[in-house]
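Reading the structure
Residues per chain, in single letters:
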Amino acid sequence: SQQGEEDPQALSIQEGENATMNCSYKTSINNLQWYRQNSGRGLVHLILIRSNEREKHSGRLRVTLDTSKKSSSLLITASRAADTASYFCATDAMGATNKLIFGTGTLLAVQP
Amino acid sequence: DSGVTQTPKHLITATGQRVTLRCSPRSGDLSVYWYQQSLDQGLQFLIQYYNGEERAKGNILERFSAQQFPDLHSELNLSSLELGDSALYFCASSVASGWSSYNEQFFGPGTRLTVL
């Protein structure tokens, strides 16, 4: 079963606008990661935020983590058509393994 | 390019058949993970190997098995295939095995399996 649910399921914006995607999860975690997947292709790791971090930046990406609410958000600023993809959050649940449990994904379409 | 390779890219086979998917991890990575992505189930963790030993099991069917060889490449064997096994199968690798707060996994391009 999936750990996370993402919201919205789909998002369509214009180039230059910001896109915000939210992820909620169920159990305590070591870290939370965001991945991007272009249609039918492999997953690309975007950013990892540890459970003791609240915010992290990487280029045009900003990730926040609220462990009390078991939620995270991914903000993509100044979006580009090339950002069109599905975005997944994945949690590395606390325990002796590193298996990732993925959310349901947000499909982002950036219109040129 | 993540450094993780998977073969074949596409596989089309019939129900009841058996197939083997292959994965080579990034150089230096000891952990290999297998995931299945289907329309109805989403991305599901199947199994993890670390340095040749099984480390964790997820939603892996009994008809499926995997192994990791001494050179660290891994194979996922799917037998008695059913229509519902049609999916994208991803392999990922990482340096870490367990109890690590930092475990970036690098994903291969996937193998698309179609069962007719």
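Let us look at the structure shown here. Since the model is a prediction, treat every value here as computed from it, not as a measurement. (Residues numbered from 1 in each chain as written. Chains lettered and ligands numbered in written order. Predicted model: local features only at pLDDT ≥ 70, side-chain atom pairs only at ≥ 80, totals over all residues. Heavy atoms only, no water.)

1. Topic: the overall build of chain B
- In terms of helices and strands, chain B carries zero helices and 11 strands.
- The N-to-C order of helical and strand elements in chain B reads β-β-β-β-β-β-β-β-β-β-β.
- Since a compact globule built from 116 residues should have a radius of gyration of about 13 Å, the 13 Å found for chain B is in line with a globular shape.
- Seen through its C-alpha atoms, chain B measures out along the principal axes to roughly 40 × 25 × 25 Å.
- For chain B, the proportion of its 116 residues judged to be buried stands at 51%.
- Taking all contacts inside chain B whose residues are at least 6 apart in sequence as the whole, residues at least 24 apart take part in 56%.
- On chain B, roughly 5,500 Å² of surface is accessible, and the fraction owed to carbon and sulfur atoms is 49%. (Helix = DSSP H or I, 4+ residues; strand = E, 2+ residues; numbered from the N terminus. Rg over C-alpha atoms; globule rule 2.2 N^0.38 Å. Buried < 20%, exposed > 50% of the residue type's maximum accessible area, 1.4 Å probe, protein only. Contact = heavy atoms within 4.5 Å. Areas by Shrake-Rupley, 256 points an atom, 1.4 Å probe, with all protein chains shown as cover.)

2. Details of the state of the cysteines
Residues and elements named next belong to chain A.
- Tallied over the entire structure, the rule returns two disulfides over all chains.
- Between the sulfur atoms of C23 and its disulfide mate C89 the distance is 2.0 Å. A torsion of 65 degrees about the S-S bond marks the disulfide between C23 and C89 as right-handed. Residue C23 is located in strand β3 (residues 19-24), and its partner C89 is located in strand β9 (residues 85-93); the two are separated by 66 residues in the primary sequence. (Disulfide = S-S within 2.5 Å.)

3. Section: the environment of I12 of chain B
Residues and elements named next belong to chain B.
- Relative to the assigned elements, I12 resides in strand β2 (residues 10-13).
- The spatial distance from the C-alpha of I12 to the C-alpha of I60 is 21 Å, given a sequence separation of 48 residues.
- Not counting chain neighbours up to four residues away, the residues in contact with I12 comprise T114 and L116.

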